[in-house]
Amino acid sequence: MKTEHTLSIIKPDAVAKNVIGAIINRLETSGLMIVNAKILQLTSIQASEFYAAHQNKFFFNELINFMISGPIFIQILKGYQAIKKNREIMGATDPTVALSGTIRSDYGYNCTKNAIHGSDSKKSAIREISYFF
């Protein structure tokens, strides 16, 4: 059984919609366990550092401005194939093409305001978890 850790961020749009509990419920009922969590208000520097891999992409400034627009709920999730499972529960980055019943389909608005972030690989999970915890 391959237990692993991943990072999950409930983004400012979902926090503002007051759906943190609904999102956590989906994660927990799927078998993922929250092992650490906190609420933060990111600074521009923190958001820019965290999303540095996207700094040359057209959406970078919009993403940074969005991520500093309100509080976020950050959590470390643990479980069997946690990275893969979390990404399946989240759905596609674009909520308009995400499978029905996924978090992004139900709570997302567009590719930036899509309710949730999740690590996309073991390497990313290690980097992202160590960035915040």
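Bear in mind the structure is a predicted one, so any value in this text is a computation, not a measurement.

Definitions and cut-offs
Residues numbered from 1 in each chain as written. Predicted model: local features only at pLDDT ≥ 70, side-chain atom pairs only at ≥ 80, totals over all residues. Heavy atoms only, no water. Pairing = 2+ DSSP bridges. Helix = DSSP H or I, 4+ residues; strand = E, 2+ residues; numbered from the N terminus. Axes fitted to C-alpha atoms, helices over the stretch in contact; angles between N-to-C directions. Contact = heavy atoms within 4.5 Å. UniProt positions renumbered as here; feature names shortened; annotations may be inferred. Buried < 20%, exposed > 50% of the residue type's maximum accessible area, 1.4 Å probe, protein only. Polar contact = N/O pair within 3.5 Å; in protein donor to acceptor, adjacent residues only side chain to side chain. Phe/Tyr/Trp six-rings, centres within 6.5 Å; stacked < 30°, edge-to-face > 60°. Lys NZ or Arg CZ within 6 Å of the ring centre and 35° of its normal.

### Concerning the sheet that holds strand β3 (residues 72–80)
Part 1 of the reasoning: Pairing in this open sheet of four strands is antiparallel, and the strands run β2-β3-β1-β4 from one edge to the other. Strands at the two margins of the open sheet, each flanked by one partner only, are β2 (33–40) and β4 (116–118). Pairwise comparison of adjacent strand axes, ignoring direction, gives a mean angle of 20 degrees for this sheet.
Part 2 of the reasoning: Set on the sheet, helix α2 (residues 20–29) makes contact with β1 (3–10), β2, β3 and β4; between it and β3 the angle comes to about 10 degrees.
Part 3 of the reasoning: Sheet strands touched by helix α7 (residues 122–132): β1, β2, β3 and β4. Its angle to β1, the strand with the most contacts, is close to 60 degrees.

### Digging into the UniProt feature "binding site: ATP" (unreviewed entry) in the protein
Part 1 of the reasoning: Taking the numbering used here, the UniProt-annotated feature "binding site: ATP" (unreviewed entry) corresponds to K11, F59, R87, T93, R104 and N114.
Part 2 of the reasoning: By the secondary structure assignment, T93 is in the loop between α5 (82–90) and α6 (103–107).
Part 3 of the reasoning: You can call T93 partly exposed: its relative accessible area is 41%.
Part 4 of the reasoning: Beyond its immediate sequence surroundings of up to four residues, T93 is in contact with R104, N110, C111 and N114.
Part 5 of the reasoning: With respect to the helices, strands and loops of the structure, R104 is situated in helix α6.
Part 6 of the reasoning: Residues within four places of R104 in sequence aside, it is in contact with M90, G91, A92, T93, P95, A98, N114, I116 and H117.
Part 7 of the reasoning: A distance of 3.1 Å separates a polar side-chain atom of R104 from the backbone oxygen of G91.

### Concerning the packing of aromatic side chains
Part 1 of the reasoning: If you walk through the whole model with that rule in mind, you get five aromatic pairs.
Part 2 of the reasoning: For the pair F50 and Y131, a centre-to-centre distance of 5.8 Å together with 55 degrees between the ring planes defines the contact as tilted. On the criterion of sequence distance, the pair formed by F50 in helix α3 (residues 44–50) and Y131 in helix α7 is long-range, its members being 81 residues apart.
Part 3 of the reasoning: For F50, a relative accessible area of 3% puts it in the buried group.
Part 4 of the reasoning: Their ring planes at 90 degrees and their centres at 5.4 Å tell us that F58 and F59 sit as a pair that is edge-to-face.
Part 5 of the reasoning: Over the ring of F133 we find K38; its NZ or CZ atom is 4.6 Å from the centre of that ring.

### Overview of the environment of I72
Part 1 of the reasoning: Mapped onto the fold, I72 is located in strand β3.
Part 2 of the reasoning: Of the residues examined, I72 reaches a relative accessible area of 0% and is grouped as buried.
Part 3 of the reasoning: Taking the C-alpha atoms as reference points, I72 and L40, 32 residues apart in sequence, are found 5.4 Å from one another.
Part 4 of the reasoning: The residues touching I72, leaving out its near neighbours within four places in the chain, are I9, I10, K11, P12, V15, K38, I39, L40, L42 and M67.

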